[in-house]
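The primary structure of each chain is shown beneath.
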Amino acid sequence: MRKFDTKVQHLKYKVLREVARQAWADRLLETALDIPKMIVPGKEPTMRCCVYKERAILGERVKLAMGGDKTNPNVIEVIDIACDECPVGGYEVTDACRGCLAHRCEDVCKRGAISFDRYQRAYIDKSKCVECGACAKVCPYGAIADRKRPCERSCKIKAISMKEDKTAFIDNSKCISCGACVYQCPFGAISDKSFILNVIDIIKKSENNTKYKVYAVIAPSISSQFQYAKLGQVISGIKALGFHTVVEAALGADMVAYEESRELVEKGFLTSSCCPAFVDYVKKQFPDLSQYISHNLSPAAVIAKYIKDTSKDAKVIFIGPCTAKKMEFQKEEVRPYIDSVITFEELQALFDSKDLEIMSMEEDVLDNASYYGRIFARSGGLSDAVAQALKEQGIDNFDLKAVPCDGIEACRVALLKASKRVLDGNFIEGMACTGGCIGGAGCLTHGEKNKAEVDKYGMQAYEKTIGSAISVLELNKPE
């Protein structure tokens, strides 16, 4: 039974599971230092060069599972001791170099970083090279390759660089906490800090306190996860953890679609506010366009606000694929509504920390969001929902020109065009992760199949229009 895409994810999960298991039993303070030995009990290492280094790295993972570095505001952190196996990287001359006479690489290099041996094979002086890539572009043999580290290559906003000791460094002034580097690092040296202990504490207190109930707000991308069980069984598992009710964030998406379509008509041009990483990217890289960011909160925050407004003393936990959500819920405008955030990876760890066999559980049901609210999970879904919202509200005198952006690179191109007033569109749907939320760093699985699962889940919606889904909210308010 394969639950994760990679062994790195599985290792991260094992640490989270053990931390959670000890926390449920109120033993974490006494056993935290022993968790590395619990995971690697013998004298032989399982993944590293020696068992002592492996346990030292696991010790750092335990710290992240317990909340990480409190002095670092970013939820994405580097485990320095684990970041030592990648090549230095940069542009390098490969064996494909033929020692040609043209020496175009030398001519184009403005730093004088190219030299040649007696066979006329090129070499790059790293002390002079500025990694501009000009030499690689002009080489007729394609003999100069960009050997960037996986974390640098995955970070499309250039927030990752190398420190003097060659470990990765994250520039928080650029980072949007999308987690692309987390998923792509082959050694798991970059990870997101966890709030799993916070969630366990909230649940445990609710069990001893009848004054408040804990609500789980789940992202629609959950339909493509936990593929070893049925979705209804996953919902039963969440309730078995101690959650009072499970609510679809897609209901918040329905509400956002209506409000965002009206705002678009009023302003004439808009960028979406559903993806917190995209919103952060606009503010940091295109501040002049910040005025066009939709005033709406994200779907998760909108439905969480609805729960808090209609259910006294409720606590709300968001469960989804997104590491950037861990930054979003700490923001002043969201903090009153969402009490904590965990990913699907962390939810799996919670299930197993309590030895819940969700495959054997009865199927529970979800609230009925519309098809359009549920497809927010994949790229293009928000644009489709806004078009539908305009139609349902009888706004037929507005020509919607949506620009769905699949991944942060597509977002950059659209925003750059918008900043120069040459974008052929009036609504930018920004999704930082490739594929949309189904490509989030906190997903158990990634891939094209996930899109099909989301669409299938959307088609199963009882409510066929956005308006009908919103009206159900008024009829079925939380207790």
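The shown structure was predicted, so the numbers you read here are calculated from the model rather than taken from an experiment.

**Topic: empty space enclosed by the protein**
So, step 1. What the rule picks out here adds up to 5 cavities of 30 Å³ or more.
So, step 2. Taken together, 23 residues make up the lining of the largest cavity; nearest its centre are Cys-274, Cys-275, Lys-325, Phe-376 and Cys-437.
So, step 3. Where the lining of the largest cavity is concerned, the elements lending two or more residues are helix 11 (249-267) and helix 13 (299-310).
So, step 4. Looking at the lining of the largest cavity, the element that brings in the most residues is helix 11, giving 3 residues.
So, step 5. The residue makeup of the lining of the largest cavity, split by class, is 19 nonpolar, 3 polar and 1 charged.

**Some details on helix 17 (residues 381-392)**
So, step 1. Across its 12 residues, helix 17 extends 16 Å between first and last C-alpha, which sits within 8% of the 16 Å expected from 1.5 Å per residue.
So, step 2. Within the sequence span of helix 17, burial applies to Gly-381, Leu-382, Ser-383, Ala-385, Val-386, Gln-388, Ala-389 and Leu-390.
So, step 3. Positioned one or two residues after helix 17, Gly-394 has a phi angle of 70 degrees, which is positive.

**Quick word on the side chain of Ser-154**
So, step 1. Looking at the secondary structure, you find Ser-154 in helix 7 (residues 150-154).
So, step 2. Of note is the side chain of Ser-154, whose polar atom sits 2.9 Å from the backbone oxygen of Cys-151.
So, step 3. Beyond its immediate stretch of four places on either side in the chain, Ser-154 contacts Ala-180, Cys-181 and Gln-184.

**Focus on the packing of aromatic side chains**
So, step 1. Within the structure shown, the criterion is met by 7 aromatic pairs.
So, step 2. A centroid spacing of 5.9 Å and a plane angle of 65 degrees characterise the contact between Phe-226 and Phe-351, whose relative ring orientation is edge-to-face. Within this pair, whereas Phe-226 is found in the loop between strand 9 (214-218) and helix 10 (231-240), its partner Phe-351 is found in helix 15 (residues 344-353), the two being separated by 125 residues in sequence. With respect to class, Phe-226 is no different from Phe-351; both count as buried.
So, step 3. Their ring planes at 85 degrees and their centres at 5.2 Å tell us that Phe-269 and Tyr-292 sit as a pair that is edge-to-face. Separated by 23 residues along the polypeptide, Phe-269 in the loop between helix 11 and strand 11 (270-271) and Tyr-292 in the loop between helix 12 (276-285) and helix 13 bring together distant segments of the chain.
So, step 4. In this structure Phe-269 comes out as buried when scored by relative accessible area, which is 16%.
So, step 5. Connected via pairs of aromatic rings, a cluster forms that spans Phe-226, Phe-344 and Phe-351.
So, step 6. One residue, Lys-315, lies across the ring of Tyr-212, its end atom 5.5 Å from the ring centre.
So, step 7. It is Lys-325 that lies over the ring of Phe-318; its NZ or CZ is 5.4 Å from the centre.

**Observations concerning the sheet that holds strand 13 (residues 340-343)**
So, step 1. If you walk across this open sheet you meet the 4 strands as 10-9-12-13, and the pairing is parallel. The sheet is open, and its two edges are formed by strand 10 (245-248) and strand 13, each paired on a single side. With strand direction ignored, the average angle separating the axes of adjacent strands in the sheet is 25 degrees.
So, step 2. Together, strand 9, strand 12 (315-320) and strand 13 form the strand contacts of helix 9 (residues 196-207), whose direction differs from that of strand 13 by roughly 120 degrees.
So, step 3. Set on the sheet, helix 13 makes contact with strand 9, strand 10 and strand 12; between it and strand 12 the angle comes to about 155 degrees.

**Some points on the pairing of strand 13**
So, step 1. In strand 13, alternate side chains face the same way, and those of Ser-340 and Ile-342 on one face and Val-341 and Thr-343 on the other are all buried.
So, step 2. Two strands pair when backbone bridges link them, and strand 12 and strand 13 are joined in this way by 4 bridges, in the parallel orientation. Residue Phe-318 lies in a different strand from strand 13, and its bridge partner there is Val-341.

**Some points on the sheet that holds strand 14 (residues 402-406)**
So, step 1. One open sheet holds the 3 strands; their spatial order is 11-15-14, and the pairing between them is parallel. The outermost strands of the open sheet, each flanked by one partner alone, are strand 11 and strand 14.
So, step 2. The sheet contact formed by strand 11 and strand 15 (residues 427-431) spans 2 bridges and is parallel. Bridge pairing links Leu-270 to Phe-427 in strand 15.
So, step 3. Running over the sheet, helix 18 (residues 408-419) touches strand 11, strand 14 and strand 15 and is turned about 155 degrees from strand 15.

**Describing the pattern of salt bridges**
So, step 1. One pass over the structure, following the stated rule, counts 28 salt bridges.
So, step 2. In this structure, Lys-326 engages Asp-192 in a salt bridge whose closest nitrogen and oxygen atoms are separated by 2.7 Å. Remark: Asp-192 occurs in strand 8 (residues 190-192) and Lys-326 occurs in helix 14 (residues 325-328); sequence separation between them is 134 residues.
So, step 3. Note on Lys-326: relative accessible area 0%, which makes it buried.
So, step 4. With its nearest N and O atoms 2.8 Å apart, the salt bridge here joins Glu-248 to Arg-374. In this pair, Glu-248 sits in strand 10 while Arg-374 sits in helix 16 (residues 371-374), placing the two residues 126 residues apart along the sequence.
So, step 5. By relative accessible area, which is 1% here, Glu-248 ends up buried.
So, step 6. Arg-374 sits in the buried class, given a relative accessible area of 4%.
So, step 7. Within the structure, one salt-bridge network assembled from shared partners comprises Lys-12, Asp-192, Lys-326, Glu-345 and Glu-346.

**Let's talk about a positive patch on the surface**
So, step 1. Side chains of Lys-148, Arg-153, Lys-156, Lys-158, Lys-174 and Arg-412 sit close together on the surface and give a patch of like positive charge.
So, step 2. Mapping Arg-153 onto the fold places it in helix 7.
So, step 3. The class of Arg-153 is partly exposed, set by a relative accessible area of 42%.

**What about the nonpolar core?**
So, step 1. Judged by nonpolar contacts, the single largest core of 139 residues is most densely connected at Ile-238, Phe-243 and Phe-351.
So, step 2. Examining the composition of this core, we find that 9 residues originate from one element, helix 11, more than from any other.
So, step 3. Those residues within four positions of Phe-351 in sequence are excluded, and the remaining contacts are Phe-226, Tyr-228, Val-234, Gly-237, Ile-238, Leu-241, Leu-356 and Ile-358.

Basis of the calculations
- Residues numbered from 1 in each chain as written.
- Predicted model: local features only at pLDDT ≥ 70, side-chain atom pairs only at ≥ 80, totals over all residues.
- Heavy atoms only, no water.
- 1 Å grid on protein atoms, 1.4 Å probe; cavity = no way out; pocket = protein on both sides within 12 Å on 5 of 7 lines; lining within 4 Å.
- Points joined across faces, edges and corners; volume = space filled by probe spheres on them.
- Helix = DSSP H or I, 4+ residues; strand = E, 2+ residues; numbered from the N terminus.
- Nonpolar A, V, L, I, M, F, W, Y, C, P; charged D, E, K, R; others polar.
- Expected span 1.5 Å × (residues − 1).
- Buried < 20%, exposed > 50% of the residue type's maximum accessible area, 1.4 Å probe, protein only.
- Polar contact = N/O pair within 3.5 Å; in protein donor to acceptor, adjacent residues only side chain to side chain.
- Contact = heavy atoms within 4.5 Å.
- Phe/Tyr/Trp six-rings, centres within 6.5 Å; stacked < 30°, edge-to-face > 60°.
- Lys NZ or Arg CZ within 6 Å of the ring centre and 35° of its normal.
- Pairing = 2+ DSSP bridges.
- Axes fitted to C-alpha atoms, helices over the stretch in contact; angles between N-to-C directions.
- Salt bridge = Lys/Arg side-chain N within 4 Å of Asp/Glu carboxyl O.
- Patch = residues over 30% accessible without salt bridge, like charges linked within 9 Å, V, L, I, M, F, W, Y side chains within 5 Å.
- Areas by Shrake-Rupley, 256 points an atom, 1.4 Å probe, with all protein chains shown as cover.
- Lys, Arg positive; Asp, Glu negative; His and termini not counted.
- Charge placed at Lys NZ, Arg CZ, Asp CG, Glu CD.
- Core = buried A, V, L, I, M, F, W, Y, C linked by side-chain atoms within 4.5 Å.

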